[in-house]
Amino acid sequence: MKKSVGFVGWRGTVGTVLIKRMLEEKDFKNINPVFFSTSLIGRKNSLIQDIYPDYIKDAYNIFDLKKMDIIITCQGTEYTEKVYFELRKQNWKGYWIDAASSLRMNKDSIIILDPVNNSLIEKSIKKGFKTFVGSNCTVSLMLLALGGLFVKDLIEWISIHTYQAASGSGAKSMLELLQQTGIVFNKISNLIMNSHVLEIEKKVNAIIQSNDFPIENFKAPLAYSLIPWIDKKMKNGQSKEEWKVQAETNKILYRCNNPIRLDATCVRVSSLRCHSQSFLIKLKKDISIPEVENILSSHNPWVKVIPNTIKDTLSYLNPIAVTGTLNIPIGRLRKSIIGSKYLSAFTVGDQLLWGAAEPIRRMLSFLIK
């Protein structure tokens, strides 16, 4: 008998990508899908009517949610906090798969990234774990890119600099970035062909710094700029986004008692969708670059080692080349001048695919086998 799977938050950025991937992989044929919403209650599902012709149910209706064998939510932290604990309080024994962050570090939840912690996921299912949560997007993309080095326990520490897209902050933030760039262009387009570039630059800065420039979501201009802070402040001076790197990585790798040291500076940049990351890695031993490339490329089918040439780097190691794909290119591989055990690298990955939706989709496939 097919399992009943409830979907919440399926119209947002992550949810839309998830549904698209499930359609591509024909996942819906193996389940009985039920669609819930916080705003479209009682309407027909016009998005995928052939799969679910019924009326959309209330995402806060605990009675209907309890009928589900599995619930997948991409609705966000606020929804999880309101619904998850109430369901468990009412003795719901189903599986909860969540893209939001609020349950990640709970002792009864497993952070999922099966190309990296497949054995932990399988053991957890057998042990009766019921809560599975997708990891932070940059953590997932880093672990897929560097998976071979982690598996062989070759990493002593990593210093990370992330360059994170607007999509990491949601659909409204993506639209705000587009709105910002549109406002600037519309106001200076007539100057481009007949003004000195420094005059145009001065005009652009004046537009961006004006009181009516839209910054509701980012709280600062992102177009033609960057924001070196993501999420709230932690006691140690990190942003929460930076704190997640060490905490979630070691939980995924089941190394909380023997953690690998990772420190990050997380920066929001004006890319729409893909996150990029720069690494300085202290290896436990001196390994040649060809050996490093072999270790990385053999870990999973999605990681792609990019030769450290100008042409290959410009062609393949950037957000435009990666967006909409499952590829995880890693390049700029070279020994640092600091020493022979120090490795520099750069990677890019689609924040909405491997960074969010794909681990959720693959977790569902584990549970319906």
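Preceding this section is the structure that the text describes.
Because the structure is predicted, anything quoted here is derived from the model rather than measured.

## Quick look at the layout of surface pockets
Now for step 1: Taken as a whole, the largest pocket holds about 1400 Å³ of empty space.
Now for step 2: Every residue lining the largest pocket is counted, 47 residues in all, and those nearest its centre are G76, S167, G168, S169 and G170.
Now for step 3: For the lining of the largest pocket, the secondary-structure elements that each account for two or more residues are helix 1 (13-24), strand 2 (31-37), helix 3 (77-89), helix 7 (171-188), helix 9 (240-252) and helix 13 (353-368).
Now for step 4: Within the lining of the largest pocket, the residues separate by chemical class into 14 nonpolar, 24 polar and nine charged.
Now for step 5: Put simply, the second largest pocket is a space of about 500 Å³.
Now for step 6: The wall of the second largest pocket is formed by 23 residues, among which L120, K251, I252, L253 and Y254 lie closest to the centre.

## A few points about the packing of aromatic side chains
Now for step 1: Tallied over the full model, the rule gives twelve aromatic pairs.
Now for step 2: Ring centres of F7 and F28 lie 5.8 Å apart, and the angle between their planes is 45 degrees; this geometry places the pair in the tilted category. Taken together, the positions of F7 in strand 1 (residues 3-8) and F28 in the loop between helix 1 and strand 2 put the pair 21 residues apart, joining distant regions of the chain. For the pair formed by F7 and F28, the shared burial category is buried.
Now for step 3: Considering the side-chain rings of Y84 and F85, the 5.1 Å spacing of their centres and the 85 degrees angle between planes classify their relative orientation as edge-to-face.
Now for step 4: A connected cluster of aromatic rings, assembled from ring pairs, spans F7, W10, F28 and F35.
Now for step 5: One cation-aromatic arrangement involves K130 over Y95; the distance from NZ or CZ to the ring centre is 4.2 Å.

## Quick word on the pattern of salt bridges
Now for step 1: As enumerated under the stated definition, the model contains 18 salt bridges in all.
Now for step 2: K284 is the partner of D153 in a salt bridge, and the nearest nitrogen-oxygen pair spans 3.0 Å. You can see D153 sitting in the loop between helix 6 (147-151) and strand 8 (155-164) and its partner K284 sitting in the loop between strand 10 (274-283) and helix 10 (289-297), a full 131 residues away along the chain.
Now for step 3: Among the residues examined, D153 registers a relative accessible area of 34% and is labelled partly exposed.
Now for step 4: Taken together, the shared-partner salt bridges in this structure form one network comprising K20, R21, E24, E25, D27, E358 and R361.

## Looking at the side chain of T73
Now for step 1: Locating T73 in the fold gives a position in strand 4 (residues 70-73).
Now for step 2: With a relative accessible area of 0%, T73 lands in the buried category.
Now for step 3: Not counting the four nearest positions on each side in its chain, T73 is found in contact with V8, Y79, T80, W96, I97, D98 and A99.

## Topic: the nonpolar core
Now for step 1: Residues F7, L146, L149 and I158 are the most contacted members of the largest nonpolar core, which totals 89 residues.
Now for step 2: With nine residues, the top contributor of residues to this core is helix 13.
Now for step 3: Excluding residues within four positions of it along the chain, L149 makes contact with L154, I155, I281, L283, I295, L296 and L343.

What counts, and where the lines are drawn
Residues numbered from 1 in each chain as written. Predicted model: local features only at pLDDT ≥ 70, side-chain atom pairs only at ≥ 80, totals over all residues. Heavy atoms only, no water. 1 Å grid on protein atoms, 1.4 Å probe; cavity = no way out; pocket = protein on both sides within 12 Å on 5 of 7 lines; lining within 4 Å. Points joined across faces, edges and corners; volume = space filled by probe spheres on them. Helix = DSSP H or I, 4+ residues; strand = E, 2+ residues; numbered from the N terminus. Nonpolar A, V, L, I, M, F, W, Y, C, P; charged D, E, K, R; others polar. Phe/Tyr/Trp six-rings, centres within 6.5 Å; stacked < 30°, edge-to-face > 60°. Buried < 20%, exposed > 50% of the residue type's maximum accessible area, 1.4 Å probe, protein only. Lys NZ or Arg CZ within 6 Å of the ring centre and 35° of its normal. Salt bridge = Lys/Arg side-chain N within 4 Å of Asp/Glu carboxyl O. Contact = heavy atoms within 4.5 Å. Core = buried A, V, L, I, M, F, W, Y, C linked by side-chain atoms within 4.5 Å.

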